[in-house]
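Per-entry structural report
Residue strings, one per chain:
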Amino acid sequence: MTATESSAGPSPSTARHGLLLAALAAVLTLALLLILALLLDRPPGAPQLTFIGAGEALNVLAEGAGGGRVLIGGGANGSELPAALGRQFVPWRRGVDLLIVADRRDLTGVTELVRRGGVREVLTIGLTDDRLAAALTALREECAARGVGIRASVESERIAIGRGGGLALDIIPATVEGNEPRLRLHAGSLSAAIVIGAAAPEPAIAAIVPRAGQEGYRIAAATAPRLLIAPAPPAPAVAPFPADGQLLIVAPGQRATLSIAGSSLRLHGGRIITLDTALTNR
């Protein structure tokens, strides 16, 4: 090696230049990924209903065109539904404008969802039993700590979800008609009764059974639905469903979304089978 040769590496200025290029490439990559995520997971252009199986419960997320999110459910296990939402939605789309709880078994899950943030308001329906005082108190205290509004349904109301009136939820509390509360979703040509009590809803195109059980299926059958959405198929002897009826099963850990545009329904995830097939193979 001569006196003019050197074994030193790149100069400091060259190394800094390389680091700057690497940092710029990383920033551009993250920006492109963020833009892609926003484009792929922006609010739906048409109303949609997403059914999320968590634990023993089937939870319903109603999203209006252009925004507006109402979640019905909560789950008996405080961590299962939040975990399912975390797996299935990006962080900025896990929040809900309104969280509805109409089953005492969902109180634990609802309280946990409020604790984790992203809930703007909670609405309770028909939860007046004195035995629920402790659970309701825990929920109210968590709502107060998080600045979340909470109220009990005391009169019939229609909640419009999203823009254009394409999706609406009718709520009839127990204090208004009969002894049991009722919930019904309207989206385009779809009318869906959500079984939350012992009262038989009016006829509907679809019936949603949040928890498997003979009583829930019996009530759902009374609506003569063309589509039954449930966490498991009913037993053959539970009730007479329409011979040409269809069944969408959303088991724990699964997710299915119905997009509704006028009279058109499109299913993403899940599989619809005939009720006859489900009852025969059970």
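Refer to the preceding data block for the structure.
Figured I'd write up the structure that's included with this text.

About the thresholds
Residues numbered from 1 in each chain as written. Predicted model: local features only at pLDDT ≥ 70, side-chain atom pairs only at ≥ 80, totals over all residues. Heavy atoms only, no water. Helix = DSSP H or I, 4+ residues; strand = E, 2+ residues; numbered from the N terminus. Buried < 20%, exposed > 50% of the residue type's maximum accessible area, 1.4 Å probe, protein only. Contact = heavy atoms within 4.5 Å. Pairing = 2+ DSSP bridges. Axes fitted to C-alpha atoms, helices over the stretch in contact; angles between N-to-C directions. Parallel < 35°, antiparallel > 145°, perpendicular 65-115°, else oblique. Nonpolar A, V, L, I, M, F, W, Y, C, P; charged D, E, K, R; others polar. Core = buried A, V, L, I, M, F, W, Y, C linked by side-chain atoms within 4.5 Å.

Looking at the environment of Leu49
- Topologically, Leu49 is positioned in strand β1 (residues 48–54).
- Judged by relative accessible area, Leu49 falls into the buried class, the value being 1%.
- Sequence spacing of Leu49 and Val60 is 11 residues, and the spatial spacing of their C-alpha atoms is 6.7 Å.
- Contact partners of Leu49, with chain neighbours within four places excluded, come to Leu61, Ala62, Leu167, Leu185, Leu190, Ala256, Thr257, Leu258 and Ile260.

Concerning the sheet that holds strand β8 (residues 167–172)
- Taking strand neighbours across the sheet as the criterion, the 8 strands line up as β7-β8-β9-β10-β11-β12-β13-β16 in an open arrangement whose pairing is mixed. Single-partner strands in this sheet number two, and they are β7 (157–160) and β16 (272–274). The sheet shows a mean angle of 25° between the axes of neighbouring strands, direction not considered.
- Taken together, the 4 bridges between strand β12 (residues 227–230) and strand β13 (residues 246–249) define a ladder with parallel strand orientation.

Some details on the packing of helix α3 (residues 107–115) against helix α4 (residues 133–146)
- At a minimum axis distance of 9 Å, the contact between α3 and α4 shows a crossing angle of 10°. When the axes of α3 and α4 are compared, the pair comes out roughly parallel. Residues Leu107, Val110, Thr111, Val114 and Arg115 of α3 lie in contact with α4, whose contacting residues are Ala135, Leu136, Ala138, Leu139, Glu142, Cys143 and Arg146.
- Considering only residue class, the contact of α3 with α4 consists of 8 nonpolar, 1 polar and 3 charged.

Observations concerning the nonpolar core
- One finds Phe51, Ile100, Leu169 and Leu185 to be the most contacted residues of the largest nonpolar core, which totals 33 residues.
- Sequence-distant contacts of Leu185, that is, excluding residues within four places in its chain, are made with Leu49, Val60, Ala62, Leu167, Ala168, Leu169, Leu190, Ser191, Ala192 and Ile194.
- Judged by nonpolar contacts, the second largest core, of 22 residues, contains Leu71, Val96, Val101 and Leu139.

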